[in-house]
Amino acid sequence: MSELYFQDKNAKVYIAGHRGMVGSAIFRKLQKEGFTNLVFRTSVELDLRDQRAVRGFFEDERPDYVFLAAAKVGGIVANNTYRGDFIYENLMIQSNIIESSRSVNVKKLMFLGSSCIYPKMAPQPLKEEYLLTGELEPTNEPYAIAKIAGIKMCDAYRQQYGCNYISVMPTNLYGLNDNYHPQNSHVLPALIRRFDEAKANNLSSVSIWGSGSPKREFLYADDLADACIHLMRNYNDAGLVNIGCGEDLSIKELAFVIKDIVGFKGEINFDTSKPDGTPRKLMDVSKLTNLGWTYATTLEQGLRLAYEDFKNKNN
């Protein structure tokens, strides 16, 4: 497609999920870049699972561009416990927004997925073409299937209707406005909370699920937002684009970095009776790099910013 997208700072931009970690990062980045016509609704104002309500919102607002960052998300415990909720709510949210975008001729939509779409035992690093080449990690399969459906729906709408809908797959994210819930958070924010509480309560040790051997890649959410806006301007094709930093570390290594940043002086114990999940998830980001984008925030820089945000919200 030769048309230039996402250049007009007065264009109406809808950010679905603007209060979540990803959506709020995109919101901040757009404001910083001078976009003046940003549209959003809280979950109280608009239930994205309600097809009629979503259609009415799109007919009233008629946005030019859509960032589909709204989703029901959680860590390994939440994904495995609320399996029905995760597949139903995510399918409804994304289907309602994608179809309503088509109905009012949105110029371009970006669907944000997750690295859990890839097969559990896929070769590393994860290339975009590995999608649907093997079985998924069982603990988060319902969520992953919903996200795969979103990618395929965007591609199907592109093929049938000519919609310029693109899909991006972020690696593990962290940053401002992360979810630090004791049961439903991802590993990095969970560790920040656990070490902070252990420090506050003068505990002698912290217990962590699993062996600590799985390796994970982490990207600061504001870097993700920068990548999303870059791709909104520079990517107009079917398929998906991985967004990450292309570097990983073990959960054990991550735990010791967070322990030092928080200032916890006790021991770390790894509970090997608990599951590890996927052995490794490292993104191949060569496609993104070839499109002209690389990350800017180191893990230590990002963790310090995230911990400050956590303290500001919890003290």
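Everything here concerns the structure above.
Residues numbered from 1 in each chain as written. Predicted model: local features only at pLDDT ≥ 70, side-chain atom pairs only at ≥ 80, totals over all residues. Heavy atoms only, no water.

Quick notes on the overall build of the chain
Put simply, the rule reads: Each helix corresponds to a stretch of at least 4 residues labelled H or I by DSSP, and each strand to a stretch of at least 2 residues labelled E; elements are numbered beginning at the N terminus. Only C-alpha atoms enter the radius of gyration, while the globule expectation follows 2.2 Å times N to the 0.38, with N the number of residues. Two residues qualify as a contact provided that any one of their heavy atoms is within 4.5 Å of a heavy atom in the partner residue. Using a 1.4 Å probe, the Shrake-Rupley method yields the accessible areas, and only the shown protein chains count as cover for residues. Think of it this way: Lys and Arg go in the positive column, Asp and Glu in the negative one, and His and the chain ends go nowhere. Where a charge lies is defined by one atom per residue type, namely NZ (Lys), CZ (Arg), CG (Asp) and CD (Glu).
Each helix and strand counted, the chain has 10 helices and 13 strands in total. Here the C-alpha radius of gyration of the chain, 19 Å, is about what a compact globule of 315 residues would show, namely 20 Å. The C-alpha extent of the chain, read off along each of the three principal axes, is 60 × 40 × 40 Å. Contacts in the chain between residues at least 24 apart in sequence constitute 82% of all its contacts with a sequence separation of at least 6. Entry remark: accessible area of the chain is about 14,100 Å², with carbon and sulfur atoms responsible for 46%. Charged side chains of the chain number 37 positive and 38 negative; the gap between the two group centres comes to 1 Å.

A short note on the pairing of strand β7 (residues 205-209)
Using the following cut-off: Buried, partly exposed and exposed residues are distinguished by accessible area as a fraction of the type maximum, computed with a 1.4 Å probe on protein chains only: under 20%, between the cut-offs, and over 50%, respectively. Two strands make a pair as long as DSSP finds a minimum of two bridges between them.
Of the two faces of β7, only one is covered, namely that formed by V206 and I208; the face formed by S205, S207 and W209 stays uncovered. As paired strands, β7 and strand β12 (residues 267-271) are joined by five bridges and run parallel to one another. Within β12, the residue paired with S205 across the bridge is E267.

With respect to the packing of helix α8 (residues 251-262) against helix α10 (residues 299-314)
Going by this rule: Axes here mean lines fitted to C-alpha atoms, for a helix over just the part in contact, with angles spanning 0 to 180 degrees between N-to-C directions. Here roughly perpendicular refers to angles of 65 to 115 degrees, roughly parallel to angles under 35, roughly antiparallel to angles over 145, and oblique to all remaining angles. Note on convention: the crossing is left-handed when the near helix lies turned anticlockwise from the far helix by less than a right angle, right-handed when the turn is clockwise. For this classification, Asp, Glu, Lys and Arg are treated as charged, while Ala, Val, Leu, Ile, Met, Phe, Trp, Tyr, Cys and Pro are nonpolar and the rest, including Gly, are polar.
It is at 10 Å that the axes of α8 and α10 come closest, and there the two elements cross at 50°. Here α8 lies oblique to α10, going by the angle between them. At the point where α8 passes α10, the crossing takes the right-handed sense. In this structure, α8 uses L254, V257, I258, I261 and V262 to contact α10, whose residues at the interface are L299, E300, L303, R304 and Y307. For the contact of α8 with α10, a count of residues per class yields eight nonpolar, no polar and two charged.

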